[in-house]
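Single-letter residue listing:
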Amino acid sequence: MSSPELPSVPPADVLSDAAAVRVAEGEHLRSVELPGITLSVRSRATARADLPPALYVHGLGGSSQNWSALMPLLDDVVAGEAVDLPGFGHSPPPDDGNYSITAHARAVIRYLDSSGRGAVHLFGNSLGGAVATRVAAARPDLVRTLTLVSPALPELRVQRTAVPTGLLAVPGVAQLFTRLTREWTAEQRVRGVMALCYGDPGRVSPEGFRHAVQEMERRQELPYFWDAMARSARGLVNAYTLGGQHGLWRQAERVLAPTLLVYGGRDQLVGFRMARRATRAFRGSRLVTLPDAGHVAMMEYPTTVAAAFRELLADATDSAAEGHTVQPGAKRAPGSAAGSRADESAEGGATAENLRG
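To keep things clear, this report deals only with the structure shown in the data block. (Residues numbered from 1 in each chain as written. Predicted model: local features only at pLDDT ≥ 70, side-chain atom pairs only at ≥ 80, totals over all residues. Heavy atoms only, no water.)

Let's talk about the packing of aromatic side chains
Geometrically, a pair of aromatic rings is defined through the distance of the ring centres and the angle of the planes. Enumeration according to the criterion identifies 5 aromatic pairs in this entry. Ring centres of Trp67 and Phe123 lie 6.2 Å apart, and the angle between their planes is 70 degrees; on these two criteria the pair is classed as edge-to-face. Residue Trp67 is found in the loop between β3 (53-57) and α1 (71-74), and its partner Phe123 is found in strand β5 (residues 120-125); the two are separated by 56 residues along the sequence. Note on accessibility: Trp67 and Phe123 belong to one class, buried. Geometrically, the ring pair formed by Phe123 and Phe309 is tilted, given 4.8 Å between the ring centres and 50 degrees between the ring planes. Taken as a pair, Phe123 in strand β5 and Phe309 in helix α12 (residues 302-322) lie far apart in primary sequence, 186 residues in all. Grouping residues by exposure puts Phe123 and Phe309 together as buried. In textbook terms, an aromatic cluster arises when at least three aromatic residues are bridged by ring pairs, as seen for Tyr56, Trp67, Phe123 and Phe309. (Phe/Tyr/Trp six-rings, centres within 6.5 Å; stacked < 30°, edge-to-face > 60°. Helix = DSSP H or I, 4+ residues; strand = E, 2+ residues; numbered from the N terminus. Buried < 20%, exposed > 50% of the residue type's maximum accessible area, 1.4 Å probe, protein only.)

Encoded structure:
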């Protein structure tokens, strides 16, 4: 959403081409032009042509690269695409400068309608989780299942560690922060982000850290980087204040798709205590908790998240074949990874539950 205190959005034809966006092995990146927006979409080749489609939506300050660890673990069961929201990743700012949750959700819906792929298995992390929730509530015909990793849903008692991120929504703070940290290197900024988002930043490989620094260097060259961050933060804060049918928790209650919720015990941005409220709000949802994970479990423990989604997919597929929706008490396959002892040692002590909403 626009604000006189924030810098104006530069037109797309003057955007910086300082560096290329990284594309991992097996990935493809393309631009899709839609009314008012241009979206960058990351995809992978699939094992079969008939796989059901999936769409991944990143969080505040992130990009489609946030899903690069999870996507190859699922490319034998879904045809995955990850979108860069307007103003993030390789997508230029929206023409109208609107970064509200509703605007981001509208961008996702616009892409899904135009793609012709039909209903998708929708994934969302953090801000992307709020966006995905709004999409699933508004357009149930577009969502087969919903997987939310630390979704940014309203909290009455926000964690102190999340306050600085929320302050980006305050007019002038982004510019002030830019001035105060102008001497920071890209490496320093990346270390700060990882300390905030990871339960254990030591899990990041040297190669992963190097790629993150390169991406930060690229983003800092973009003239709209802080504008997109500040406006999206403001859009998220504004969404927290909405009540009635437009409130995110009310919309969570309207979601019909089978839902998987993933929460990290060391999350410094979304309170772990919100997991129980979320299982009550999303009907028939199932919960996976990762005590050692932070805010980006799909990057920290992708194997566990992939295993949990496979269970959700199997149950949803079985239920669809039987002509009814997934039942909250559905049994998991014996030895399923999301709740197994093997994963508890290898993947942060994951536990899985099917909970009645």
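Side note on unusual backbone geometry
What is expected of a backbone is that most residues other than glycine have negative phi and most peptide bonds are trans. Even without being a glycine, Ser126 presents a positive backbone phi close to 55 degrees. When you line up the elements, Ser126 lands in the loop between β5 and α3 (127-138). Ser126 sits in the buried class, given a relative accessible area of 11%. A positive phi angle, near 45 degrees, is found at Ser150, a position not held by glycine.

Digging into the environment of Thr38
Along the chain, Thr38 falls in strand β2 (residues 37-44). Accessibility expressed as a relative area gives 24% for Thr38, which makes it partly exposed. Residues Thr38 and Pro94, spaced 56 residues apart in sequence, show a C-alpha to C-alpha distance of 7.4 Å. Setting aside residues up to four positions removed in sequence, Thr38 forms contacts with Ser31, Val32, Glu33, Ser91 and Pro92. (Contact = heavy atoms within 4.5 Å.)

Examining helix α2 (residues 101-115)
Taking 1.5 Å per residue as the helical rise, α2 with its 15 residues ought to reach 21 Å, and the 21 Å between its terminal C-alpha atoms agrees with that figure. Here α2 has its buried residues at Ile101, Ala103, His104, Ala105, Ala107, Val108, Ile109, Tyr111 and Leu112. Of the residues flanking the end of α2, it is Gly116, one or two places downstream, whose phi is positive at about 70 degrees. (Expected span 1.5 Å × (residues − 1).)

Digging into the side chain of His104
By secondary structure assignment, the location of His104 is in helix α2. Residues contacting His104, with those up to four places away along its chain left out, are Leu85, Pro86, Phe88, Tyr99, Leu127, Val131 and Ser232.

Describing the pairing of strand β6 (residues 143-149)
Of all 7 residues making up β6, 6 are buried, and the element is well covered by its neighbours. You can see the chain leave β5, run along α3 and come back into β6, and the turn it takes is right-handed. Sheet analysis places β6 next to strand β7 (residues 259-264), joined by 4 bridges and oriented parallel. In the sheet register, Thr147 faces β7, and the bridge partner there is Leu260. (Right-handed = clockwise from strand over helix to strand, strands pointing away. Pairing = 2+ DSSP bridges.)

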